[in-house]
Amino acid sequence: MVNCKCEIAVNRIKVYARHGVSPQERTVGADFFVTVSALVDVDASAWRDDQLDGTADYSRFVSIVRKEMAVPSNLLEHVAARIASSVLAECPSVQKVSITIEKENPPLGVLCDGVSVKLEQTRE
């Protein structure tokens, strides 16, 4: 029997959200980019028979990102952990997931391209 693992990524999903510690960040909001990268067990129904039920549906990743990014948080780490936990809970073929959240124009008082947080969770 052939066992396949596949990395599936949805890169830089653009989402407007209200995350941050300062009241201004929560009021004004900002653009964020979220990348979901998942290590997936792929069975023969996907790689041999071309059926979606043998892998992870990456449109589900997008739905999870939209849902979790709509809930304001102080910390990007908190949002990333919620997204990762939801991916693992809702997508049984995912064995490991990495979430990167990028925030443009953070209120740091310096010119920079943004800040980012990368978090990984693994199925136990």
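Whatever comes next refers back to the structure up there.
Residues numbered from 1 in each chain as written. Predicted model: local features only at pLDDT ≥ 70, side-chain atom pairs only at ≥ 80, totals over all residues. Heavy atoms only, no water.

**Examining unusual backbone geometry**
The line we're drawing: In this description a helix means any DSSP run of H or I spanning at least four residues, a strand means any run of E spanning at least two, and both kinds are numbered starting from the N terminus.
One non-glycine residue, Arg12, lies in the positive phi region at around 55°. Backbone geometry at Asp50 places phi at a positive 65°, although glycine is not the residue there. Here Asp50 shows up in the loop between helix 2 (44-47) and helix 3 (58-69).

**So, the sheet that holds strand 1 (residues 4-17)**
Condition: Any two strands are treated as partners once DSSP identifies two or more bridges connecting them. Here the axes come from fitting lines to C-alpha atoms, over the contacting stretch only for helices, and the angles between their N-to-C directions go from 0 to 180 degrees. The contact criterion used is simple: two residues touch if any of their non-hydrogen atoms lie within 4.5 Å.
In spatial order, the strands read 1-2-3-4; together these 4 strands make up an open sheet with antiparallel pairing. The open sheet has two free edges, formed respectively by strand 1 and strand 4 (115-122), since each of these has just one partner strand. Pairwise comparison of adjacent strand axes, ignoring direction, gives a mean angle of 15° for this sheet. Across 8 bridges, the pairing between strand 3 (residues 94-103) and strand 4 is antiparallel. When the bridges of strand 4 are listed, Ser98 appears paired with Glu120. Running over the sheet, helix 3 touches strand 1, strand 2 (30-42) and strand 3 and is turned about 35° from strand 1. Helix 4 (residues 76-90) contacts strand 2, strand 3 and strand 4 of the sheet and is inclined by roughly 150° relative to strand 3.

**Brief notes about a nonpolar patch on the surface**
Stated formally: Like charges are joined within 9 Å and nonpolar side chains (Val, Leu, Ile, Met, Phe, Trp, Tyr) within 5 Å, but only among residues with over 30% relative accessible area and no salt bridge; these make up the patches. Using a 1.4 Å probe, the Shrake-Rupley method yields the accessible areas, and only the shown protein chains count as cover for residues. In the sections that follow, a salt bridge refers to a side-chain nitrogen of Lys or Arg positioned within 4 Å of a carboxyl oxygen of Asp or Glu.
On the surface, Leu108, Val110 and Val115 cluster together into a nonpolar patch covering about 250 Å² of accessible area. For Leu108, the position within the fold is in the loop between strand 3 and strand 4.

**Description of the nonpolar core**
Here is the rule we go by: In this text, buried Ala, Val, Leu, Ile, Met, Phe, Trp, Tyr and Cys residues form a nonpolar core when linked through side-chain atoms within 4.5 Å. Under the scheme applied here, a residue whose accessible area is under 20% of the maximum for its type counts as buried, over 50% as exposed, and between as partly exposed, the area being computed with a 1.4 Å probe on protein chains only.
Ranked by size, the top nonpolar core spans 33 residues in total, and within it Phe61, Met69, Ile83, Val94, Val97, Ile99 and Ile101 carry the most contacts. Contributions of two or more residues to this core are made by strand 1, strand 2, helix 3, helix 4, strand 3 and strand 4. When neighbours within four sequence positions are excluded, Ile101 is seen to be in contact with Phe32, Phe33, Val34, Met69, Leu76, Val79, Ala80, Ile83, Val115, Ser116 and Val117.

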